[in-house]
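# Summary of structural features
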Amino acid sequence: MLLLQASPVATSPARPYAVPGEEAVDPYTVEDVNVGAKPFDGDGMAEAFHGQEGIRRIVDRMVTLSYGDSEIGEIFKWHDKVRLKRTLFEQFCYILNASCIYTGRDMVRSHKDLGVHRKDMNRLVELLQQAMREEGVDFQAQNRLLSKLAPMHHDIVGR
């Protein structure tokens, strides 16, 4: 059942990788390179994050914190929360080698014109760390994921 929830559903040609409730985006090609990082080897990191269920809880918590945050909430105000949760889950799940496919856009196109600053990224990392702590992910595993995500800031930060 969980795998069905994680799988993208094609609802029309204009929405090739959308699930119900997502807004349409311009067509793009799904490629592993879009995820922004190579996955970890083995299943150790997936286990450290409590599998797909733990990854989903972390993403849901991080997104909830981000939308309500006084520092970065404005960036998310008009963003498609359904799509964001789905693609972040897929991205983290893929990188953590927890048997997922990433169907989102590449990092440059995903963040184009959002006006994300370095301080915004730093705050988002703090919120991700909070969500990982709440899930009980150990510090070393948190840092290993963050080290995979860190190089993406060049594609995400606009100025």
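Each remark here, short or long, concerns the structure printed above.
The notes below deal with the structure included here. These figures come from a predicted structure and were not determined experimentally.

With that settled, the discussion passes to the overall build of the protein. Summing up its helical and strand segments, the protein has nine helices and zero strands in all. Element order for the protein, N to C, with α for helix and β for strand: α-α-α-α-α-α-α-α-α. For the protein, the proportion of contacts with a sequence separation of at least 24, taken over those separated by at least 6, is 72%.

Between helix H3 (residues 51-68) and helix H5 (residues 81-95), whose axes approach to 9 Å, the crossing angle comes to 135 degrees. With respect to their mutual orientation, H3 and H5 come out oblique. The hand of the H3/H5 crossing is right-handed. Across the interface between the two elements, Gln52, Ile55, Arg56, Val59, Asp60, Met62, Val63 and Tyr67 of H3 pack against Lys81, Leu84, Lys85, Leu88, Phe89, Phe92 and Cys93 of H5.

Where helix H7 (residues 118-135) contacts helix H8 (residues 139-149), the two axes come as close as 11 Å, and the packing angle between them is 150 degrees. Between H7 and H8, the crossing angle belongs to the class labelled roughly antiparallel. Classified by chirality, the crossing of H8 by H7 is right-handed. Facing Val125, Leu128, Gln129, Met132 and Arg133 of H7, the residues of H8 in contact are Gln142, Leu145, Leu146 and Leu149. The residue makeup of the contact of H7 with H8, split by class, is six nonpolar, two polar and one charged.

Our focus in this paragraph is the nonpolar core. In this structure, Phe49, Ile55, Phe92, Ile95, Leu96, Leu128 and Met132 are the most contacted members of the largest nonpolar core, which totals 35 residues. Counting only elements with at least two residues in this core, the list comes to helix H2 (44-48), H3, H5, H7 and H8.

A few words on the side chain of threonine 103. By the secondary structure assignment, threonine 103 is in the loop between H5 and helix H6 (107-111). Among the polar contacts listed, one links the side chain of threonine 103 to the side chain of arginine 86, at a separation of 2.6 Å. A polar contact is formed between the side chain of threonine 103 and the side chain of glutamate 90, at a distance of 2.7 Å.

On to the packing of aromatic side chains, then. Counted under the stated rule, the structure contains one aromatic pair. With a centroid separation of 5.4 Å and 40 degrees between ring planes, the pair formed by tyrosine 67 and phenylalanine 76 is classed as tilted. Both residues of the pair, tyrosine 67 and phenylalanine 76, count as buried. Positioned over the ring face of tyrosine 67 is lysine 81, at 4.5 Å from the centre of the ring.

Scoring rules and cut-offs
Residues numbered from 1 in each chain as written. Predicted model: local features only at pLDDT ≥ 70, side-chain atom pairs only at ≥ 80, totals over all residues. Heavy atoms only, no water. Helix = DSSP H or I, 4+ residues; strand = E, 2+ residues; numbered from the N terminus. Contact = heavy atoms within 4.5 Å. Axes fitted to C-alpha atoms, helices over the stretch in contact; angles between N-to-C directions. Parallel < 35°, antiparallel > 145°, perpendicular 65-115°, else oblique. Left-handed = near helix turned anticlockwise from the far one by under 90°. Nonpolar A, V, L, I, M, F, W, Y, C, P; charged D, E, K, R; others polar. Core = buried A, V, L, I, M, F, W, Y, C linked by side-chain atoms within 4.5 Å. Buried < 20%, exposed > 50% of the residue type's maximum accessible area, 1.4 Å probe, protein only. Polar contact = N/O pair within 3.5 Å; in protein donor to acceptor, adjacent residues only side chain to side chain. Phe/Tyr/Trp six-rings, centres within 6.5 Å; stacked < 30°, edge-to-face > 60°. Lys NZ or Arg CZ within 6 Å of the ring centre and 35° of its normal.

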